[in-house]
Amino acid sequence: MKLLIRRALAADPALGPEKVRDLLAENGRITRIAAGITPPRGCAVVDARGLWLFPGFVDAHVHAREPGDGKAEDLRSLGRAAAAGGVTSALAMPNTSPPCDSPSLLKDLRARARRKCAVNLFFAAALTRGRAGRALTGLEKLSAAGAAAFTDDGGWLSDRDLFEEALRRAWDLGAPVLQHSEDFSVTGPGVVNLGPVSRRLGLPGIDRRAETLALRSDLASLRRAGGRLHIQHLSCAASVGLLRRAKAAGLPVTAETCPHYIALTENDVPAGGADLKMKPPLRAEADRRALIGGLADGTIDMVATDHAPHPAAEKAKGLLRAPFGVIGLETLAAACLTHLVFPGHISRARLTQLLSSNPAGLLGLRTKGSLLPGMDADLALIDPTAEYEVKPPFFSRSENSPFKGRRLRGAVVLTVSEGRVVHRRRR
Ligand SMILES: [Zn+2]
């Protein structure tokens, strides 16, 4: 199968200065990227004048909800949502039901994903058995079965001895440990950020210290044990400062934030309701600005969606009782373009690092995250002029998007995964 994308603005700093190029994909790989490529015989041609071409996005944090009851999402609908968002590789979290803590379940899931999911799906395995935080899983066997990372996401592995042993063993396996840094004793019954909005709404708040205390402790563990630690969903200014100092001291740590934390604040919560309820919660404007600063200066390495689908009936329970989590795959690129690139906070090249090459590096995906010849033909073609209101229907089985009713600029018009077109925008 051959595909020629013509006259796209290729956004990959690995190619050198940004310019308009043609890209030829053959048999699932990028074979040439240059100006004025003549299409070989039998080659499909896409006219990409005025469009921006990125390496397919790599999302290091999604919840596929399979195994589960399938009401919120499954591997097929997740793949469709990812493809619609230009996401060609994603890392599925293990907090499913049952949790992914055994080699047999992991192997089964990987086989199911190959059958059902339109994009490349990788799996993180649980750090502890049943994600209960009491005994480590068989990390070595899980690694042999194909685990791309280890995490108890949704929960915080607070036991320092276990966590440090996990860091050491995962390091020997070449896999990163992903940590949801949250001190649940601080979170308590909180549902939104602790501050003026929680007080006005009369809702229990979540102090930023729930994140920063856990993060401090995790960084201290990394200093003691070594290893490779990735911090999930940073939400506040103080965390950015902690990360910046840790990196300056040479600690091998990376971090992600999510589109909602760079686009929205707690002030949006009263109007948005439970569709803006997630963990950690939306914070204040100063936090949002600090996160953007961290993305721009290299402190934060990537934007991941934490795509967390929930059925409408669950989200209808309101801010106090609805489950935490929002969907994000379909709006990832548009949210980042609208809130990071178009206002001039970061360049297109930096966006490529944040959405493609850095997460590919975290997961050790050597043939993904770049448009260089020889890489997998994973591509996202974007129309930077398309402006629209986000609204259902979504490709995801769930509709709990925090961007519903909001305008975004930048639309994914074509997604290619290993040479196959997996999404084409309806005009
Ligand atoms: Zn989490």
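Residues numbered from 1 in each chain as written. Predicted model: local features only at pLDDT ≥ 70, side-chain atom pairs only at ≥ 80, totals over all residues. Heavy atoms only, no water.

## A short note on the pairing of strand β8 (residues 120-125)
The element β8 is extensively covered by neighbouring structure, given that five of its six residues are classed as buried. The pairing of strand β7 (residues 87-92) with β8 spans four bridges and is parallel. Within β8, the residue paired with L91 across the bridge is F122. Traced from β8 through helix α3 (residues 139-144) to strand β9 (residues 149-151), the parallel crossover comes out right-handed. (Buried < 20%, exposed > 50% of the residue type's maximum accessible area, 1.4 Å probe, protein only. Helix = DSSP H or I, 4+ residues; strand = E, 2+ residues; numbered from the N terminus. Pairing = 2+ DSSP bridges. Right-handed = clockwise from strand over helix to strand, strands pointing away.)

## What about the packing of helix α8 (residues 237-248) against helix α11 (residues 285-297)?
At a minimum axis separation of 8 Å, α8 and α11 run at an interaxial angle of 30°. By the angle between their axes, α8 is roughly parallel relative to α11. The residues of α11 that touch α8, namely those facing A237, V240 and R244, are A286, D287, A290, L291, G293, G294 and D297. Its residues assigned to classes, the contact of α8 with α11 comprises five nonpolar, two polar and three charged. (Axes fitted to C-alpha atoms, helices over the stretch in contact; angles between N-to-C directions. Parallel < 35°, antiparallel > 145°, perpendicular 65-115°, else oblique. Contact = heavy atoms within 4.5 Å. Nonpolar A, V, L, I, M, F, W, Y, C, P; charged D, E, K, R; others polar.)

## Some points on the sheet that holds strand β6 (residues 57-62)
The parallel open sheet is built from eight strands, whose spatial order is β6-β7-β8-β9-β10-β13-β14-β15. The open sheet has two edge strands with one neighbour each: β6 and β15 (302-303). The sheet strands contacting helix α7 (residues 209-225) are β10 (177-179), β13 (229-231) and β14 (253-257), and the helix crosses β13 at an angle near 170°. Here helix α15 (residues 348-362) sits on the sheet and contacts β6, β13, β14 and β15; the angle it forms with β6, its principal contact strand, is near 60°.

## Topic: the coordination of the zinc ion
With distances of 2.0 to 2.2 Å, the protein atoms coordinating the zinc ion are D153 (OD), H180 (ND1) and H233 (NE2). The motif formed by the donor residues of the zinc ion, counted along the single chain, is D-x26-H-x52-H. Of the two residues, D153 is situated in the loop between β9 and α4 (160-173) and H180 in the loop between β10 and α5 (184-187); the sequence distance between them amounts to 27 residues. Note on accessibility: D153 and H180 belong to one class, buried. (Donors = N, O, S within 2.8 Å, 3.2 Å for Na, K, Ca; no water.)

## A short note on the layout of surface pockets
A probe matching the size of a water molecule, rolled over the atoms, marks out where space remains unfilled. Space inside the largest pocket adds up to approximately 550 Å³. For the lining of the largest pocket, the residue count by class is twelve nonpolar, three polar and six charged. Inspection of the lining of the largest pocket shows a minimum of three residues originating in each of domain 1 (2-52 + 376-424) and domain 2 (56-362). What the second largest pocket holds in volume is close to 430 Å³. Forming the boundary of the second largest pocket are 27 residues, of which R110, L121, F122, F123 and L365 lie nearest the centre. When residues of the lining of the second largest pocket are traced back to their parent elements, those giving at least two are α2 (103-116), β8 and α15. Counted by class, the lining of the second largest pocket contains 15 nonpolar, seven polar and five charged residues. Each of domain 1 (2-52 + 376-424) and domain 2 (56-362) accounts for three or more of the residues forming the lining of the second largest pocket. (1 Å grid on protein atoms, 1.4 Å probe; cavity = no way out; pocket = protein on both sides within 12 Å on 5 of 7 lines; lining within 4 Å. Points joined across faces, edges and corners; volume = space filled by probe spheres on them. Domains from an automatic or database assignment.)

## Quick look at the domain arrangement of the protein
Parsing the protein into structural domains produces domain 1 (2-52 + 376-424) and domain 2 (56-362). Taking the mean C-alpha position of each, domain 1 and domain 2 sit 25 Å from one another. Every contact between the two is made by 37 residues of domain 1 and, on the other side, 48 residues of domain 2. Both sides together, the interface formed by domain 1 and domain 2 hides about 3,300 Å², and carbon and sulfur atoms give 58% of it. The tally of links between domain 1 and domain 2 comes to four salt bridges. (Buried area = accessible area lost by both parts, 1.4 Å probe. Salt bridge = Lys/Arg side-chain N within 4 Å of Asp/Glu carboxyl O.)

## Comments concerning empty space enclosed by the protein
Scanning the model with the defined rule gives four cavities of 30 Å³ or more in all. Roughly 80 Å³ of internal volume is contained in the largest cavity. For the largest cavity, the full set of lining residues is H180, S181, E182, T187, I206, A210, E211, H233, K279, P280, P281 and R283. Within the lining of the largest cavity, the residues separate by chemical class into four nonpolar, four polar and four charged.

## Quick look at the packing of aromatic side chains
Overall, the coordinates contain two aromatic pairs when judged by the stated rule. Here W52 and F342 contribute two aromatic rings whose centre-to-centre distance is 5.9 Å and whose plane-to-plane angle is 45°, an arrangement assigned as tilted. Separated by 290 residues along the polypeptide, W52 in strand β5 (residues 52-55) and F342 in the loop between α14 (332-341) and α15 bring together distant segments of the chain. Between F54 and F57, the ring centres sit 5.7 Å apart and the planes meet at 50°, which makes this aromatic pair tilted. Side by side, F54 and F57 carry an identical accessibility label, which is buried. (Phe/Tyr/Trp six-rings, centres within 6.5 Å; stacked < 30°, edge-to-face > 60°.)

## Comments concerning the environment of L105
Within the element layout of this structure, L105 appears in helix α2. By relative accessible area, L105 is classed as buried at 14%. Between the alpha carbons of L105 and P259 there is a distance of 31 Å; along the sequence they are 154 residues apart. Look past the residues within four positions of L105 in its chain and what remains in contact with it is P67, P98, P99, C100 and R112.

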